[in-house]
Amino acid sequence: QVQLVESGGGLVQAGGSLRLSCAASGRTGSRYAMSWFRQAPGKEREFVAAISWIAESTRYADSIKGRFTISRDNAKNTVYLQMTSLNPEDTAVYYCAVGSNLYSIPGYWGQGTQVTVSS
């Protein structure tokens with residue numbers, strides 16, 4: 001089993017920044033990719049960003065390119081999502097996930113952390 005615990009969500013004004021963290025523990029295996037998804041009220045969960053095992057590759061959704069940056073610290077089994085220039089459309093529950101590569105459907109999910117951007 002893999003446990004993922006997100007933190008760093010909260011309420012921020014439009015134009016502001018937040019950094020989300022996700023710590024992984026348990027049987028993560030080796031060379032796993034980590035990713036972030038989000039789900040806004042009344043909408044389906046959508047991909048946000050992913051990063052490969054040694055961070056040589058990243059992938060971003062078009063809607064957040066240039067504003068969000070994903071990074072990871074393998075010594076801490078932690079992935080981060082630095083979010084800047086936030087707007088109300090970024091309001092959602094953000095989920096951390098673990099998968100085998102940047103494009104695979106994640107096998108493990110965190111419980112989510114709420115991000116609310118006020119206008």
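Definitions and limits used
- Residues numbered from 1 in each chain as written.
- Predicted model: local features only at pLDDT ≥ 70, side-chain atom pairs only at ≥ 80, totals over all residues.
- Heavy atoms only, no water.
- Pairing = 2+ DSSP bridges.
- Helix = DSSP H or I, 4+ residues; strand = E, 2+ residues; numbered from the N terminus.
- Axes fitted to C-alpha atoms, helices over the stretch in contact; angles between N-to-C directions.
- Salt bridge = Lys/Arg side-chain N within 4 Å of Asp/Glu carboxyl O.
- Buried < 20%, exposed > 50% of the residue type's maximum accessible area, 1.4 Å probe, protein only.

### What about the sheet that holds strand β7 (residues 68-73)?
Reasoning step 1: Sheet architecture is open: four strands sit in the order β1-β3-β8-β7, paired in antiparallel fashion. The outermost strands of the open sheet, each flanked by one partner alone, are β1 (2-7) and β7. Strand after strand, the sheet turns through a mean of 15 degrees between neighbouring axes, direction not considered.
Reasoning step 2: Relative to strand β8 (residues 78-83), β7 is paired through six bridges, and the arrangement is antiparallel. By the bridge assignment, R72 is partnered in β8 with V79.

### As for the pattern of salt bridges
Oppositely charged side chains can pair when the atoms bearing their charge come close.
Reasoning step 1: Tallied over the full model, the rule gives four salt bridges.
Reasoning step 2: In this structure, the salt-bridge partner of R38 is E46, at a minimum N-O distance of 2.6 Å.
Reasoning step 3: Look at R38 and you get buried, because its relative accessible area is 6%.
Reasoning step 4: E46 gets classed as partly exposed once you look at its relative accessible area, which sits at 34%.
Reasoning step 5: The residue D62 makes a salt bridge to K65 at a minimum N-O spacing of 3.4 Å. The pair formed by D62 and K65 is uniform in burial state, with each residue classed as exposed.
Reasoning step 6: Through salt bridges with shared partners, a single network forms among R38, E46, R67 and D90.

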